[in-house]
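One letter stands for each residue in the lines below.
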Amino acid sequence: MPKMLPELHSSPAVRRWNNGAPVLSKEHIPYEAECIFNAGVAKYQGRYVMIFRNDYRYDAARHGFGFCNLGIAFSRDGIHWEVEKRPFFSAERLGDPEITRIYDPRVTVIDGICYVCFAVDTKHGVRGGIAMTDDFEHIRFLSLSAPDNRNMVLFPEKIGGRYWRLERPFPVYSRGGVDRFDMWISASPDLRYWGDTDLVLAVEDVPWANDKIGPGAPPVKTGKGWLVLFHAVDRDRSRGKNGWEPVWQKRYCAGVMLLDLENPAKTIGLSREPLLAPETAWECDEGFRTNTIFPGGLIAEDSGELKIYYGASDTVECLAFADINELVELCKPL
Ligand code: BMA
């Protein structure tokens, strides 16, 4: 039986695919793979494309994985996936000794071009990377942020003539030396030079978070505003052993908010409850870092159905459905 966490529940507005079974996991991968999670998903040239994270070769002594790469899968329906024979990308393939890991991809299509954002671990801090690909074999970097920053996602169109990204710097020194990290936005004329940075949502605005928040999937345009998924973390020091690690005290939930259509730096709505809280066996019991829901893909279908892709317990990739208007309704003014 899944371990229930009584204090937080998922919204009745979401329905998990196949009772929370993974849409993608290591069994589907034709090369060495262990944890398949935190994927970015987009519709591109008539099919769905997913870029997923693969952490492999667990080292129990270090409580971590020795290797990480990004894989690619394609789908006709967004549910059943065919995985490419070889991994797409990794820090090793880049061949820059400064860059040690590339992970947590998000995919946005803008004007028919496919962009991928990811977290880039370097020997001197974590940077947010933006790159483009047109063949899912080669990748060209456009920009790398200053450290420490990650969870970058691009809006799917220019607003007021500029590109926009959500991001999550981690200002340890100026936020009291503990995790208190917030969601920010920046604009760019060309995807290379970023500025006009502004705060979008602070962790203390989210009633079920006490640690940090960060952008999830690329925003979806609705008649009422930009619909944005985010993750929100609470830490409970009484939590002990969870998952494979000796101690894991955090819980990651998915939340939803609305940004102004013309000025996306302005938050106009927030759901005061989590959208997805860990509840199923994969989310609570089975994985590496339990109690972790990490949304990275949001697709709006013409029917009004939303597909929400999320990593569960840093171990598998799952899918949930919702109605776009119902999620907009959940977002009440701040
Ligand atoms: C965050 C990132 C994510 C991960 C999450 C939970 O800090 O590293 O990649 O899913 O922690 O472990």
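Note: the structure precedes this text.
Residues numbered from 1 in each chain as written. Predicted model: local features only at pLDDT ≥ 70, side-chain atom pairs only at ≥ 80, totals over all residues. Heavy atoms only, no water.

A. The environment of Val83, seen in detail. For Val83, the location among the structural elements is in strand S5 (residues 82-83). In this structure, the C-alpha to C-alpha distance between Val83 and Gly225, residues 142 residues apart in sequence, is 34 Å. (Helix = DSSP H or I, 4+ residues; strand = E, 2+ residues; numbered from the N terminus.)

B. Up close: the pairing of strand S3 (residues 47-59). Strand direction decides the pairing type here: strand S2 (residues 35-44) and S3, joined by eight bridges, are antiparallel. For Gly40, the partnering residue across the bridge sits in S3 and is Ile51. Counted along the chain from S2 to the antiparallel partner S3, the turn is two residues long, and its residue Gln45 has a positive phi close to 50°. Bridge count for S3 against strand S4 (residues 64-75) is 11 bridges, and the pairing is antiparallel. Residue pairing for S4: Asp55 is matched across the bridge by Cys68. (Pairing = 2+ DSSP bridges.)

C. Expanded view of the site of the ligand. Residues in close proximity to the ligand include Asn38, Arg53, Asp104, Arg150, Lys212, Trp248, Tyr252, Arg289, Thr292, Phe294 and Asp314, which together make up its full environment. Note that an oxygen atom of the ligand is positioned 2.9 Å from one of the side-chain N or O atoms of Arg150. Asp314 is positioned with one of its side-chain polar atoms (N or O) 2.6 Å from an oxygen atom of the ligand. Here the ligand, which alone exposes 310 Å², has 91% of that area covered by the protein. For the shell around the ligand, the residue count by class is three nonpolar, two polar and six charged. (Near = heavy atom within 4 Å. Polar contact = N/O pair within 3.5 Å; in protein donor to acceptor, adjacent residues only side chain to side chain. Areas by Shrake-Rupley, 256 points an atom, 1.4 Å probe, with all protein chains shown as cover. Nonpolar A, V, L, I, M, F, W, Y, C, P; charged D, E, K, R; others polar.)

D. Looking closely at the environment of Pro169. Of note, Pro169 is situated in strand S11 (residues 163-169). Separated by 85 residues in the primary sequence, Pro169 and Glu84 place their C-alpha atoms 33 Å from one another. Beyond its immediate chain neighbours, meaning those up to four positions away, Pro169 contacts Asp148, Asn149, Phe181, Asp182 and Trp184. (Contact = heavy atoms within 4.5 Å.)

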